[in-house]
Structure formats: C-alpha cells, structure tokens
Amino acid sequence: MANFTPVASLIGGVLIGLASVWLLAANGRIAGISGILHGLFAQPPGDRTWRVLFLAGLIAAGFAWHAFVAPAPVREGFGLGWAAAAGLLVGFGTRIGGGCTSGHGVCGLGRFSLRSLVAVMVFMGAGMATTYVMRHVL
Amino acid sequence: MIHALGAGLLFGVGLWLSGMANPRKVLDFLDITGDWDPSLLLVMGGAVAVTAIFFRPLIRLKRIEFLEAIDSRLVAGAALFGVGWGIAGYCPGPAITALSNLSSESAVFVAAMVAGGLAAQAAAWRRRAAT
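Residues numbered from 1 in each chain as written. Chains lettered and ligands numbered in written order. Predicted model: local features only at pLDDT ≥ 70, side-chain atom pairs only at ≥ 80, totals over all residues.

Caption draft 1: Main features of the overall build of chain B. Assigned secondary structure in chain B consists of six helices and zero strands. Along chain B, helices and strands appear, N-terminal first, in the series α-α-α-α-α-α. Summarising its shape, the C-alpha atoms of chain B cover approximately 50 × 40 × 35 Å along the three principal directions. Burial status across chain B gives 54% buried among its 131 residues. (Helix = DSSP H or I, 4+ residues; strand = E, 2+ residues; numbered from the N terminus. Buried ≥ 20, exposed ≤ 12 C-beta atoms within 10 Å, placed from the backbone.)

Caption draft 2: Just the overall build of chain A, in detail. Helix and strand counts for chain A come out as six helices and zero strands. Ordered by position in the sequence, the α and β elements of chain A form the string α-α-α-α-α-α. Once the C-alpha set of chain A is aligned to its principal axes, its extents read approximately 45 × 35 × 30 Å. Looking at chain A alone, contacts between residues at least 24 apart form 44% of all its contacts between residues at least 6 apart. (Contact = placed C-beta atoms within 7 Å.)

Caption draft 3: Local environment of the interface of chain A and chain B. Tallying the contact residues gives 98 residues for chain A and 101 residues for chain B. The set of elements that each furnish at least two residues to the side of chain A that touches chain B consists of α1 (6-27), α2 (33-40), α3 (49-68), α4 (80-97), α5 (101-110) and α6 (114-137) of chain A. A total of 21 residues in the side of chain A that touches chain B trace back to one element, the largest contributor, which is α1 of chain A. Taken together, the residues of the side of chain A that touches chain B break down into 62 nonpolar, 31 polar and five charged. (Nonpolar A, V, L, I, M, F, W, Y, C, P; charged D, E, K, R; others polar.)

Caption draft 4: View of the nonpolar core. By size, the foremost hydrophobic cluster in this structure holds 80 residues, and its most contacted members are F54 and F123 of chain A together with F109 of chain B. When sequence neighbours within four positions are dropped, the list of residues in contact with F123 of chain A reads A78, F81, G82 and W85 of chain B. (Core = buried A, V, L, I, M, F, W, Y, C linked by C-beta atoms within 7 Å.)

Caption draft 5: Region of interest: the packing of α6 of chain A against helix α4 (residues 72-88) of chain B. For the pair α6 of chain A and α4 of chain B, the least separation of the axes is 7 Å and the interaxial angle reads 35°. In this structure, the crossing between α6 of chain A and α4 of chain B has a hand that is right-handed. A breakdown of the residues in the contact of α6 of chain A with α4 of chain B according to their chemical character gives 17 nonpolar, six polar and one charged. (Axes fitted to C-alpha atoms, helices over the stretch in contact; angles between N-to-C directions. Left-handed = near helix turned anticlockwise from the far one by under 90°.)

Caption draft 6: Highlighting the packing of α5 of chain A against helix α3 (residues 39-62) of chain B. For the pair α5 of chain A and α3 of chain B, the least separation of the axes is 7 Å and the interaxial angle reads 40°. The angle between α5 of chain A and α3 of chain B falls in the class oblique. For α5 of chain A against α3 of chain B, the interelement crossing comes out right-handed. Across from G105, V106, C107, L109 and G110 of chain A in α5 of chain A, the residues of α3 of chain B making contact are M44, A47, V48, T51, A52 and F55 of chain B. In terms of residue class, the contact of α5 of chain A with α3 of chain B is made up of eight nonpolar, three polar and no charged. (Parallel < 35°, antiparallel > 145°, perpendicular 65-115°, else oblique.)

Caption draft 7: Region of interest: α4 of chain A. All names here are of chain A. With 18 residues, α4 extends 25 Å between its outermost C-alpha atoms, agreeing within 8% with the 26 Å of an ideal straight helix rising 1.5 Å per residue. Within α4, 13 of the 18 residues are buried, which leaves it mostly tucked inside the rest of the structure. Following α4 by one or two positions, G98 adopts a phi angle in the positive range, close to 70°. (Expected span 1.5 Å × (residues − 1).)

Caption draft 8: Expanded view of unusual backbone geometry. For F112 of chain A, which is not glycine, the phi dihedral falls at a positive 60°. On the secondary structure map, F112 of chain A appears in the loop between α5 and α6. C-beta crowding within 10 Å serves as the criterion here: with 13 such atoms nearby, F112 of chain A is assigned to the partly exposed category. Backbone geometry places R63 of chain B, a non-glycine residue, at a positive phi of 50°. In this fold, R63 of chain B is placed in the loop between α3 and α4.

This is the structure we're talking about:
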C-alpha cells in the first residue's frame, strides 16, 4: 500500500460527485461519460451541444492540470495493440451494458439502483481478474 | 450550456486529483494480489457520498426515467467493459481527459472506444432488422 493517497483521492472523488450533481441540476443530464460519448454518434442525432461542451471541459481540465500541477503521466512498454483491444472492449461493453464507472458507479449507486450495483460488481470483478492475468500470468 | 463545460472541467480536475486519470494507479487498485493501492475506493466513496445526498431529490424534480432491468445485456456488457478496463487501466472518463497527454496510447484507446460503441449500435440495428 505504498502508493495510497487517501486525502487526494477522497477530495477528487467529492469533486467528481459535485460535478455530477452540477450537470444533473443545471442540465437534467446524467454524468455517465460512456453515455455522453456514445450519444455523440447515436442515430438519430440528439442534442450534441452539451455533450461536446462537457467532453471539452474534461479534456481542458487535463491540459490545465499538466500546465499548473503535474506533467502528464508516461507509461513505457504498453503496446498500442493492447490499447486498441482494450478500447474496443470498453466501447462495446459500455454501450450494451448501459454505462461505466461514472454512469453506473458514481450516478447509479448514488440513486441506489440495483441494476447499477450489479454492473459495478461485474465490471470490478472482471477488471480485477483481468489485471491479475495481465500482471501475474501473461 | 456553460454549465456543461463547467461540470466537465470540475469532473476532469476530480479525475486528475484523485489519481483515476493515471492508469498505473488504477491497475494498482485492480491488482488486489499485488502491492494493492486502495485509493480508488475512496474516489468512489467520496463521489457516491455526494450523489447519494443530491441525486434522488433532483431525479424526482427532473422526472428522469431509468432502465431497471438486470439482464444478460447488462452483465455481458459490464463484463466486457471490465476486461478492457483491466487491460489498459482506462475507463471512459479518464481515457478522454488523458487525451490531454497527447500520447498515442490515449488517442488509440479513445478511437477504439468510439468504434466499439458504433459496433454495438450496428449489432443492435441488425438484430432489430431481423425480428
């Protein structure tokens, strides 16, 4: 547990929760990032403006963080083939499963949804099993 | 509309401050048999502590309806998502804010994520057309 960062992680989590409450209160929208992203490409096209603005804010936060707080993390030795395979699985899975860590996790658990609790347990379990295989078996 | 931009910014700052935007830290959390880093439990705990207070009254006020089905699509989708998360350490929010790293890793991941969503959508259309 050498890398445990309880204070920063807890405050960061609170900010994520506040941002989700903000989007719901002001726009009547659920801050599920996979849903916001997939909705950009849905047919028929829905309201895209708020989606683009939210995602632009998300990316701008990263640029600001690297400029003022800490440089971008660099990872060596992670192949682009793995990145592509993982991205496909995350995109496909969140589309048919109806959400990700934010939609089912932060927002779904916050409204005490049993459907979201099941999703969170399944993706946490699958993520832990996969990381075990990637780090200790392969 | 300025609210959507502001909420996105705040969400992104939360991801970076919490460590969620660093895939190495995410994988250290998922790797429970290794040198386990439980930080991300606190990210989820802090976020849900806030949404648990405000979400239900706001949802009633806004009259938003949700799917409640617990079916094979939910479980299969969550499982596939989890496998991808465990390979790369990115879920959708962190992957998108990590585009600011200007690394080929995050660009490839996000492009593939969009493609995966389109593939799921095309599969759903094909099934609807067949029935």
